Amino acid sequence: MRNLLLSLFFLGLGWSAFAQDRLINGRVTGDDQQPIPGASVAVKGTTRGAVTNAEGKFSLSVPENTVLVVSSVGYQTLEFPVGNQNYLELVIPSSTSALTEVVVVGYGTQKKSQLTGAISSVSSKEIAELPITNARQALQGRAAGVDVVQAGSKPGSGVTVRIRGRRSINASNDPLYVVDGIPLAGGIDDINPNDIQSMEVLKDASATAIYGSRGANGVVIVTTRRGTTGKTIVSYDGYYGVSKALGRIEVMNGAQFAEYKRESRRAVGRYDDADPNADSKIFEAVELDGIATGRSTDYQSYIYRTGHIQSHQIGVQGGSEKTQFSISGNFFQDKGIIKTQDFTRYSFRVNLDHQIGKRVKVGTSTFAVYSVNNGGDTFYPGGGNGFNPLGLTLRENPLGKPYDDNGNLIFLPTSDGLQSNPAAEVVPGANIAETKTIRVFNSLYGEWNITDGLKYRLNFGPDFTNRRFGRFWGTFTNDRRGGDPRGMTDYSQGFNYTIENILTYTKKFREIHNLNITALHSIQRDNYETARISVNGIPAATQEFYSLGQAQTINSVATGLTQWTLQSFMARFNYDYNEKYLLTLTGRYDGSSRFGRNNKYGFFPSVAAGWNISNEDFLKGVSWLDQLKLRASWGSIGNTAIDPYQTQTLLSRTVYAWNTTAAYGYRPNSIGNPNLRWETTSTANIGLDYSFFRGRLAGSLEVYQADTRDLLLNDQLPYTSGYGSVLRNVGKTRNQGLEITLSTINIDASNGFRWSTDLQFTKNKEQIRELFNGKVDDIGNARFIGQPITAIYDYKKIGIWQTSESDEAKRYGQNVGEVKLLDINGDGKIDADHDRMIIGSQIPKFTAGMTNRFSFKGLDLSFFLYARVGSTITSGFHQTFNTLAGRYNNLNINYWTPNNPTNDFPRPNQNQETPIYSSTLRYFSGTFLKVRNINLGYNVPENVAKRVGMTSLRVYLAAQQPFIFSEYRSKYKGIDNETVDSISESQTPSTRQIIFGINAKF
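Residues numbered from 1 in each chain as written. Predicted model: local features only at pLDDT ≥ 70, side-chain atom pairs only at ≥ 80, totals over all residues. Heavy atoms only, no water.

1. Here we look at the overall build of the chain
The criterion, for reference: Strands are runs of DSSP state E lasting at least 2 residues, helices are runs of H or I lasting at least 4, and numbering of each runs from the N terminus. Only C-alpha atoms enter the radius of gyration, while the globule expectation follows 2.2 Å times N to the 0.38, with N the number of residues. For every residue, the accessible area obtained with a 1.4 Å probe (protein chains only) is divided by the maximum for its type, and the residue is called buried under 20%, exposed over 50%, and partly exposed between those limits. Throughout, a contact is declared for two residues whenever any of their heavy atoms are within 4.5 Å. Each accessible area is a Shrake-Rupley estimate made with a 1.4 Å probe; only the visible protein chains count as cover when residues are assessed. The charge count treats Lys and Arg as positive and Asp and Glu as negative. His and the chain ends do not count. Here the site of a charge means NZ on Lys, CZ on Arg, CG on Asp, or CD on Glu.
Scanning the chain for helices and strands turns up 13 helices and 49 strands. In terms of overall size, the chain behaves like a compact globule, its C-alpha atoms giving a radius of gyration of 33 Å where 1002 residues would be expected to give roughly 30 Å. Summarising its shape, the C-alpha atoms of the chain cover approximately 135 × 65 × 65 Å along the three principal directions. Here the chain holds 1002 residues, and the buried ones make up 52% of them. The long-range share in the chain, meaning contacts at least 24 apart out of those at least 6 apart in sequence, stands at 68%. In the structure as shown, the chain presents an accessible area of about 43600 Å², 55% of it carried by carbon and sulfur atoms. Treating the 104 positive side-chain charges of the chain as one cloud and the 91 negative ones as another, the clouds have centres 5 Å apart.

Printed below as a string of structure tokens:
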């Protein structure tokens, strides 16, 4: 009986305990009110939990006094007491919008609230808003202090990235790119942007000193998507769109060209309007026929087309407690608006992490890509071998006849032998410029938790790249003009590997002292081989560049090998007291094979401190203050980005006559300098991070000064030495700037409507402080003390000489209708010594980017604006297509005539290949505002998505670069004025794209 009673008692307890469990329901959303599918909702201290569905909803049986732990990738992990609630709305802030997020800092991660360096982040969400070809484009306007420029719209073309300005005159100003912990030598353009989880930009010395001699130009850390524990998720992300030229380039039509040609002869007395036969004296038969019939050939229509862009990616993510995986495959294609220009890329990625026991973890990131680029020459080292028929097209005489009456192409529409039919350039097989790239990159690691707080990690990063550039010019192209075809091939093979040994120690003392120490030893080695051949007289056009050995003439054959090695030792010390007072000390010791034997190694230190003001007791009661942190840092970083072998004395081949026999020999080419050392940049930075009103207003403010010394410049030598110059460490530059990052939640209504804004503003002043002669200008190279590295130095155009100024014009040796210059010293003459001035610089006064996002229930809308303000550009476009000689077609500009006394452009003149002082006609304002992207999306309801076998589905419509506002385009007939240097005459016009896309999960 006793046993029976005890059994009933414990059974009653069991029923009682069971009865205390109850079912709750809820929904998990981000701080943007959007549901978070796949979020983990766990009962704290147990293994019980649930995963949210596509609408962020969950159901879970819980006991009394339960605390739920909610987490999801890209969001903060938070705890929520259940209490007596049966339904909960749980909001977890995005980790990319709060100061408490964890960011990658190089050789580890750190809470943003504990950072002492200047770091900007770009999330996968921001990257996904833009249909971009390469990852560097995602930084434009999204990261303060980062100037990203893409010139034109040629498919597969790269972009230029400058972090806090340029420092070096001869060495590279490109930042270092680090992918999944491995510093790259080959850049990130081959990486599929859809695989990227986040991008961190390290800007000040405290953040970049950990990379030593490669950190002077800033560091971009790319982290790719990794697997997660939980249900396997299959996703499809794809889009398709059409591309069209953003407006035609306005050149003269037939009638305008005819009048322009007449005016060029009137100016020199070779056209008499009273002569009824005047036209027949200056126009050839085909032109007269064109004038009589009103022909106006639009040659642009023969080379343009409607392009398209598409991307299709399938991904699989998931894993168990021990093994997580992420697999993706992507097909991307961009067919340009100019015929024969296109870019196709196939990429594949596998990221795998596996836990071996309790203390050992291994993993890999394996990436493979195969791409084909047609029409570009970004690979060929010498440049100038790409293909763009635009220049020939814009110069072609619109009175000419491109096809005969039977529809056959006429190779020479007029008798001008230098101008062939642009339509012939885009005949399939006539012009080929093809680059094929195969790249395989791996990041393998092993991690050993030796003991609590002490961890060792081994990184190994092999990177293999194989490229082949092939170029073929057919008989009926402007290059050959009926001659034998010619061709060339250029092969390169690169193998780069990095080995890193990393030891970290983390310890917390007495609950208020936090210590983190990182030590590193690494070796990076690069091996780059090239081979190229160029020929004339290919016997059959069908051979293209695949059988060059059968050509009549071998123009050149060359092979090459370049190697360099970098060895590094680094230590970093992070300490904080009670998360209030922060200290970071970093030292790196780098040795590079590129420098002279007397200066192989350099030491690069940095120190930074931070104060979390909002954690002070006197601010604990301030409800509107979330976080306020003040930072300051100083450090020195090197620049190893010069070509190998520049420290050595080099020979070059020469020719001479041995009696009557030609022979080859070798002569001194450059003098070596074993004392060459690193260019070094010392940077001071003060930063303020803030968040107010529960994240409604957040951002950062940065003020910095970066001084670079020991510039690698060519110092002049007397020619009696046998050399013209020697590479030495001379010269200094400085960059000073202000950066503002601001994020606001403007409206967060209870009905679900939300409006948020992200703003980035950058102002950087770049200047030369010293050159090889000290504080003396180098006028020959247009380098001036106190000015940017690339100042524009020339005469100043102030108008056009008018009829009423005829006598004054003659005093300057000029005529009415010609360019009028500013006489700076007022001596009545124009000379190079006294009347040239600094016109401006390509460096903008500031850049800014703004993203606005709106959401209401299932709908979302975003638009992104980007502006570059205050630069001066050099337009090679106008120099080539505004010759005003009456021979080639011209931009339809406002030129001077006796009946049109404008001050814009001079009078056409047959006797001048280009106008007098024509260089002054190529300088324009570089200011522009672009609407980069407008994106409208809809999240399909879960029940509808389930009907087609999906857990979630989003569809969207996007307009990529629908508008450009620029005086250079609207007033002066220019092309896109986004440039880092000058506008090239071969630049591909800007495009507008309309894109439809889907994001689906299964």
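Continuing now.
2. Re helix H4 (residues 254-266)
What counts is decided by this rule: Helices are assigned an expected span. That span is 1.5 Å times one less than the residue count.
Over its 13 residues, H4 runs 18 Å from end to end, which matches the ideal 18 Å to within 8%, given 1.5 Å per residue. Looking at the buried side of H4, the elements it contacts are helix H5 (278-282) and helix H6 (285-293).

3. Digging into the sheet that holds strand E15 (residues 196-202)
To be explicit about the condition: Strands are treated as partners if at least two bridges between them are detected by DSSP.
Across the sheet, which stays open at both edges, the five strands sit in the order E10-E15-E16-E13-E14 with mixed pairing between neighbours. The sheet is open, and its two borders are formed by strand E10 (119-123) and strand E14 (182-183), each paired with just one other strand. Here E15 runs beside strand E16 (residues 219-224); their pairing, made up of six bridges, is antiparallel. Counted as the bridge partner of Met199 is Val222 from E16.

4. Describing the environment of Leu561
Secondary-structure assignment places Leu561 in strand E26 (residues 553-577). The spacing of Leu561 and Gln493 is 68 residues in sequence and 9.6 Å in space, taken between C-alpha atoms. Once you skip the residues sitting within four places of it in the chain, Leu561 turns out to touch Asn527, Tyr528, Glu529 and Tyr645.

5. Quick notes on the environment of Gly560
Structurally, Gly560 is set in strand E26. Spatially, the C-alpha atom of Gly560 lies 31 Å from that of Pro718, the residues being 158 residues apart in sequence. The residues touching Gly560, leaving out its near neighbours within four places in the chain, are Tyr528, Glu529 and Thr530.

6. Structural notes on the side chain of Asn478
Here is the rule we go by: The definition of a polar contact used here is a pair of N or O atoms within 3.5 Å, where within protein one atom must be able to donate a hydrogen and the other to accept one, and adjacent residues in sequence count solely through side-chain atom pairs.
As for its position among the elements, Asn478 is in the loop between strand E23 (454-473) and strand E24 (486-509). With a relative accessible area of 15%, Asn478 lands in the buried category. For Asn478, the side chain forms a polar contact with the main-chain oxygen of Leu418, separated by 3.0 Å. If we ignore the near neighbours within four places in the chain, the residues touching Asn478 are Leu392, Leu418, Gln419, Ser420 and Glu425.

7. Things to note about the pattern of salt bridges
Heads up, the rule is: Salt bridges, as used here, are contacts in which a Lys or Arg side-chain nitrogen is within 4 Å of a carboxyl oxygen on Asp or Glu.
Under the counting rule described, the total for this entry stands at 51 salt bridges. Where Glu263 meets Arg907, a salt bridge forms, and the shortest distance between an N and an O atom there is 2.7 Å. Taken as a pair, Glu263 in helix H4 and Arg907 in the loop between helix H11 (876-881) and strand E45 (923-925) lie far apart in primary sequence, 644 residues in all. Connected through salt bridges with shared partners, the residues Glu259, Arg262, Glu263, Arg266, Asp273, Asp279 and Arg907 form a single ionic network.

8. Some remarks on the packing of aromatic side chains
Put simply, the rule reads: Aromatic pairing here means that ring centres of Phe, Tyr or Trp (its six-membered ring) are within 6.5 Å. Orientation follows from the plane angle: under 30 degrees is stacked, over 60 is edge-to-face, and everything else is tilted. For a lysine, the NZ atom is tested; for an arginine, the CZ atom; a charge sits over a ring if that atom is within 6 Å of the ring centre and within 35 degrees of the ring normal.
Under the counting rule described, the total for this entry stands at 31 aromatic pairs. Between Phe692 and Phe693, the aromatic rings sit 6.4 Å apart at their centres with planes inclined by 65 degrees, giving edge-to-face as the arrangement. According to the relative accessible area criterion, Phe692 is buried, its value standing at 18%. Judged by relative accessible area, which is 46%, Phe693 ranks as partly exposed. In textbook terms, an aromatic cluster arises when at least three aromatic residues are bridged by ring pairs, as seen for Trp624, Tyr690, Phe692 and Phe693. Sitting over the face of the ring of Tyr445, Arg457 holds its NZ or CZ atom 4.1 Å from the ring centroid.

9. Observations concerning the sheet that holds E45
If you trace the three strands from one edge of the open sheet to the other, you get E45-E44-E48, paired in mixed fashion. One side of each edge strand has no neighbouring strand; the edge strands of this open sheet are E45 and strand E48 (982-983). In this structure, strand E44 (residues 872-875) lies alongside E48, joined through two bridges in parallel fashion. Counterpart to Thr874 in the pairing with E48 is Ser982.

10. Things to note about the nonpolar core
What counts is decided by this rule: By nonpolar core we mean a set of buried residues, namely Ala, Val, Leu, Ile, Met, Phe, Trp, Tyr and Cys, connected to one another through side-chain atoms within 4.5 Å.
If you look at the biggest cluster of nonpolar residues, it comprises 46 residues, and the most contacted ones within it are Ile249, Leu390 and Phe877. Where this core is concerned, the elements lending two or more residues are H4, H5, helix H8 (390-395), E23, strand E40 (819-821) and H11. Top contributing element to this core by residue count: H4, with three residues. When sequence neighbours within four positions are dropped, the list of residues in contact with Ile249 reads Gln300, Tyr304, Leu390, Leu394, Phe877, Leu891, Lys973, Ile975 and Pro989.

11. Things to note about the pairing of strand E17 (residues 230-245)
Of the pairings in the sheet, the one linking E17 to strand E18 (residues 307-319) comprises 12 bridges and is antiparallel in character. Pairing of Ser243 across the sheet is with Gly307, part of E18. Pairing between E17 and strand E49 (residues 991-1001): 11 bridges, direction antiparallel. Pairing of Val242 across the sheet is with Ile994, part of E49.

12. Regarding the environment of Lys335
Examined against the element boundaries, Lys335 turns out to sit in strand E19 (residues 323-335). Lys335 gets classed as partly exposed once you look at its relative accessible area, which sits at 26%. When the C-alpha positions of Lys335 and Gly156 are compared, they lie 9.7 Å apart, and in sequence the two are 179 residues distant. Ignoring any residue separated from it by four or fewer positions in sequence, one finds Lys335 in contact with Pro155, Arg305, Gly307, His308, Gln341 and Asp342.

13. A word on unusual backbone geometry
Positive phi, close to 55 degrees, is recorded for Asn578, a residue that is not glycine. Relative to the assigned elements, Asn578 resides in the loop between E26 and strand E27 (581-592). A positive phi angle, close to 60 degrees, is found at Asp710, a residue other than glycine. With respect to the secondary-structure elements, Asp710 resides in the loop between strand E33 (697-709) and strand E34 (712-716). Its relative accessible area of 17% is what places Asp710 among the buried residues.

14. Examining the side chain of Gln802
Relative to the assigned elements, Gln802 resides in the loop between strand E39 (797-800) and helix H10 (806-811). Accessibility expressed as a relative area gives 14% for Gln802, which makes it buried. Polar side-chain contacts of Gln802 include one of 3.3 Å to the side chain of Asn903. Filtering out sequence-adjacent residues up to four positions away, Gln802 remains in contact with Val816, Trp896, Pro901, Thr902 and Asn903.

15. A word on the confidence of the model for the chain
As a reminder of what qualifies: Residue-level confidence of the predictor is what pLDDT reports, using numbers from 0 through 100.
The predicted model of the chain averages 88 in pLDDT, with 96% of residues at 70 or higher. Residue range residues 1-19 is modelled with pLDDT below 50. Its contacts to residues more than four positions away, or to other chains, number zero contacts. Scored below 50 in pLDDT, residues 378-383 shows 17 contacts in the model against residues more than four places distant or in partner chains.

16. Examining a nonpolar patch on the surface
Stated precisely, the cut-off is as follows: By definition, no residue in a patch forms a salt bridge, and every one has over 30% relative accessible area; like charges are joined within 9 Å, nonpolar side chains (Val, Leu, Ile, Met, Phe, Trp, Tyr) within 5 Å.
A cluster of nonpolar side chains, Tyr577, Tyr581, Trp611, Phe618, Leu630, Ile686, Leu701 and Val703, forms an exposed patch at the surface whose accessible area comes to about 730 Å². Looking at where Phe618 falls in the secondary structure, it is placed in the loop between strand E28 (601-612) and strand E29 (625-639). Classification of Phe618 by relative accessible area gives exposed; the value is 58%.

17. Some thoughts on the pairing of strand E2 (residues 40-43)
On E2, burial follows the alternation: Val41 and Val43 on one face are buried, whereas Ser40 and Ala42 on the facing-out side are not. Pairing between E2 and strand E3 (residues 49-51): three bridges, direction antiparallel. Pairing of Ala42 across the sheet is with Gly49, part of E3. In this structure, E2 lies alongside strand E5 (residues 67-71), joined through four bridges in antiparallel fashion. Note that in E5 the partner of Ser40 across the bridge is Ser71.

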